[in-house]
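A structural walkthrough
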Amino acid sequence: MTSVDRPGVELSARGVELVLPGGGVALSGIDVPTVGPGRVLGVAGGSGAGKTLLLEVLAGLRVPRAGRVSVRTAVADGGARTPQTLRYGFVPQDDIVHRALPLRTALEYAARLRGTDPGDVPLVLAELGLAEAAEQPVRTLSGGQRKRASIAIELLSRPRLLFLDEPTSGLDPLTGAQLTQHLLRLAASGVTVVFTTHTPADLHHCDQVLFIAPNGRPGPCGTPAELLRLSPDGTFEALYAVEVPTADGGSRHQHEPAAPAARPRFSPATGRLRQWAVLTGRDLRLLRHDRLTAAITIGSPLIIIAMFALLFRPGAFDPGDPSPAASAMVLFWIAFGAFFFGLAYGLPQICGELAVVRRERRTVLRLWPYLLAKLTVLGPVLLLADALLLVVLRALDRLPSAELSVHASLFVTTALASFAALALGLCCSALVSEPSQAALVLPLLCFPQVLFSGAFVPVPGMAAGGRWISVAMTNRWAFEALGSGAGLEELWRGGGAEGRALLDSYGETFGHPAWVGWVILAGCAVALLVVAWLVLRRRCPASTHRLGEALSTSDGGPGRP
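Keep in mind it's a predicted model, so treat the numbers as computed, not measured.

1. Digging into the packing of aromatic side chains
- For the structure shown, the criterion picks out 18 aromatic pairs.
- On the numbers, 5.0 Å between centres and 75° between planes, the contact of Phe-332 with Phe-456 is edge-to-face. Here the residue Phe-332 occupies a position in helix H10 (residues 324–351), and Phe-456 occupies one in the loop between helix H14 (435–451) and helix H15 (464–471), the gap between them amounting to 124 residues.
- According to the relative accessible area criterion, Phe-332 is buried, its value standing at 0%.
- Look at Phe-456 and you get partly exposed, because its relative accessible area is 45%.
- Measuring from centroid to centroid gives 5.3 Å for Phe-479 and Phe-510, while their planes differ by 80°, and the two rings are edge-to-face. Remark: Phe-510 occurs in the loop between helix H18 (496–506) and helix H19 (514–539) and Phe-479 occurs in helix H16 (residues 474–486); sequence separation between them is 31 residues.

Shown next, in the form of structure tokens:
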């Protein structure tokens, strides 16, 4: 990459103080020396000293309680530059790339999401020595290759300021040294590089080194040569626990308020419609490349449909010889099957890629296109599963022989029940942190839907607390809408003593039209999607500026990005 006709960025900070939500002071009085284009700043310190927190403050991912972060354009000829030419990049410590996709494909989707040209992917791969691994699935790459792949994603937007959190962590010394050389070449092209590390060998390659003492206090700062001269034994290790006192015994700037964060600005290339299209395409590719997930997605409805066909006896809805109890159970298990389809599809969706969502939120990701892309990909599969369930059961005489409008009503009910369950699954998937936790949540969500649906214990016969809980169960409204659509009350009136007894116990359960249940199910789906959005918004906050987007600059005076 070249830096021709592209302005660089100078970064500095003064008196940074950060307080965590629990009230503890994580950083106190940290000054960051000015680091400009083509320069590398290394931030070192012991575990828990606050290196990552400081990096996040500098990158705008956290707002300090006090202090100022200054970002300025640095143009050699002194001429004016437009802010659209300046971009940020942030590489977290974890290797955050979709592992099921080939490397080139993963980068192409990242480029489209950022509004950059996917044609730049081969060039970026070549710059980082990954050209030969372009067609390999990310999960097959070595540790060093995955680190470089994470860097490659950010380089797609050609950032002029690049933050990296412990890029050599977990790598062997040779691979770590090679990665450091890649960072030096990036800096040589005019990029301002800031990275954290706990590996002393990395610091020899930096232009400036900033140590953070234990408890987030200021440590020594200077060039590697200066710091080694200050070290008691001539090594960086001796400086990890050194605290630099200030004149007043504390932070010189602890009372300086933090500058306000700029309001995020978006470019048209990352609009909601475009993001929805890119994310939908990526989800489809993920489904295609992850064969186990694809097999489960397609196969699980088929297995459940087969079990339902074996469980129910034919003729339960025969008006001449009805089976009232059996007909109620048929409709309940159809409702529960639709619920299970949606829940099982939704639960693994977000928790398995939560780290990716966090990373992309730091760039350009909007949450509504992300959630709607999930619905777009999974929705047709759910509709097909629901339709297949009803068609098979009707062909085997497990459903009433009725007009097309009746079966259309049953399909609308199952579809809405599936979408409400899918929204519930997405909501819970956003709350948990990994797929194993989602697997534990599955039975906890299913049991209440069975117990409080009103099928086994009719709603009129429940205790007061049970009736209130049943109101929140989507399975109850699906069951009641199915019963109304299939005409259970009329069927049971011809079912003798058993039918009359059921009519008495269920009361007005099926007395309302099916569309009432549809409205409630649709409302539940929308409400749960809003909750999922709120949860993701809290767990994956956007930065105070959008990394990868245009940087607001001033005429050289200090300011907050």
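Once you've had a look at it, read on.
2. Things to note about the sheet that holds strand E9 (residues 217–222)
- Ordered in space as E5-E6-E7-E3-E8-E9, the six strands form an open sheet in which the pairing is mixed. Pairing within the sheet leaves two strands with one partner each, and these edge strands are strand E5 (88–91) and E9. Ignoring which end each strand starts from, the neighbouring axes of this sheet average 15° apart.
- Note: E5 against strand E6 (residues 161–165), four bridges, orientation parallel. Bridge pairing in E6 places Phe-90 opposite Phe-163.

3. Some points on the packing of helix H12 (residues 367–395) against helix H13 (residues 404–431)
- Interaxial distance between H12 and H13 falls to 9 Å at its minimum, and their mutual angle equals 140°. Between H12 and H13, the angle falls in the class oblique. For the pair H12 and H13, the sense of crossing is right-handed. For the pair H12 and H13, contact is made by Lys-374, Leu-375, Leu-378, Gly-379, Leu-382, Leu-383, Asp-386, Ala-387, Leu-390 and Arg-394 and by His-407, Leu-410, Phe-411, Thr-414, Ala-415, Ser-418, Phe-419, Leu-422 and Leu-426, respectively.

4. Points about the UniProt feature "transmembrane region" (unreviewed entry) in the protein chain
- Within this structure's numbering, the places UniProt gives as "transmembrane region" (unreviewed entry) are residues 292–312, 324–347, 367–396, 408–432, 439–459 and 515–536.
- End C-alpha to end C-alpha, residues 367–396 measures 43 Å, and it is 97% helix and 0% strand.
- The span residues 515–536 shows a helical share of 100% and a strand share of 0%, and its end C-alpha atoms are spaced 31 Å apart.

5. Here's the deal with the side chain of Thr-116
- When you line up the elements, Thr-116 lands in the loop between helix H2 (103–114) and helix H3 (121–127).
- When its relative accessible area of 13% is taken as the criterion, Thr-116 is described as buried.
- Discounting chain neighbours no more than four positions away, the residues touching Thr-116 are Ala-111, Leu-156 and Ser-157.

6. Describing unusual backbone geometry
- In this structure, Asn-215 takes a positive phi of about 65° despite not being glycine.
- Its location among the elements puts Asn-215 in the loop between strand E8 (208–213) and E9.
- Of note in this structure, Asp-397 is not a glycine but carries a positive phi near 65°.
- With respect to the helices and strands, Asp-397 occurs in the loop between H12 and H13.

7. Examining the environment of Leu-210
- With respect to the secondary-structure elements, Leu-210 resides in strand E8.
- Excluding residues that lie within four positions of it along the chain, Leu-210 makes contacts with Ile-30, Asp-31, Val-32, Leu-41, Gly-42, Val-43, Ala-44, Leu-54, Pro-220 and Cys-221.

8. Digging into the nonpolar core
- Within the largest apolar cluster, 77 residues are counted, with the highest numbers of intra-cluster contacts made by Leu-331, Ile-334, Trp-492 and Leu-536.
- In terms of residue count, H10 provides more of this core than any other element does, 15 residues in total.
- Aside from chain neighbours lying at most four places away, what touches Trp-492 is Pro-324, Ser-327, Ala-328, Gly-499, Arg-500, Leu-502, Leu-503, Tyr-506 and Phe-510.
- With 45 residues, the next largest nonpolar core counts Val-97, Ala-100, Ile-153 and Leu-171 among its residues.

9. Comments concerning the pattern of salt bridges
- Following the criterion strictly, the structure yields 15 salt bridges and no others.
- Arg-282 is paired through a salt bridge with Glu-360; the nearest N and O atoms lie 2.5 Å apart. With Arg-282 in helix H8 (residues 272–289) and Glu-360 in helix H11 (residues 354–361), this residue pair connects regions lying 78 residues apart in the sequence. Of the two residues examined, Arg-282 and Glu-360, each falls in the buried class.
- A single network of salt bridges, built from pairs that share partners, joins Arg-104, Glu-108 and Glu-135.

Criteria and cut-off values
Residues numbered from 1 in each chain as written. Predicted model: local features only at pLDDT ≥ 70, side-chain atom pairs only at ≥ 80, totals over all residues. Heavy atoms only, no water. Phe/Tyr/Trp six-rings, centres within 6.5 Å; stacked < 30°, edge-to-face > 60°. Helix = DSSP H or I, 4+ residues; strand = E, 2+ residues; numbered from the N terminus. Buried < 20%, exposed > 50% of the residue type's maximum accessible area, 1.4 Å probe, protein only. Pairing = 2+ DSSP bridges. Axes fitted to C-alpha atoms, helices over the stretch in contact; angles between N-to-C directions. Parallel < 35°, antiparallel > 145°, perpendicular 65-115°, else oblique. Left-handed = near helix turned anticlockwise from the far one by under 90°. Contact = heavy atoms within 4.5 Å. UniProt positions renumbered as here; feature names shortened; annotations may be inferred. Core = buried A, V, L, I, M, F, W, Y, C linked by side-chain atoms within 4.5 Å. Salt bridge = Lys/Arg side-chain N within 4 Å of Asp/Glu carboxyl O.

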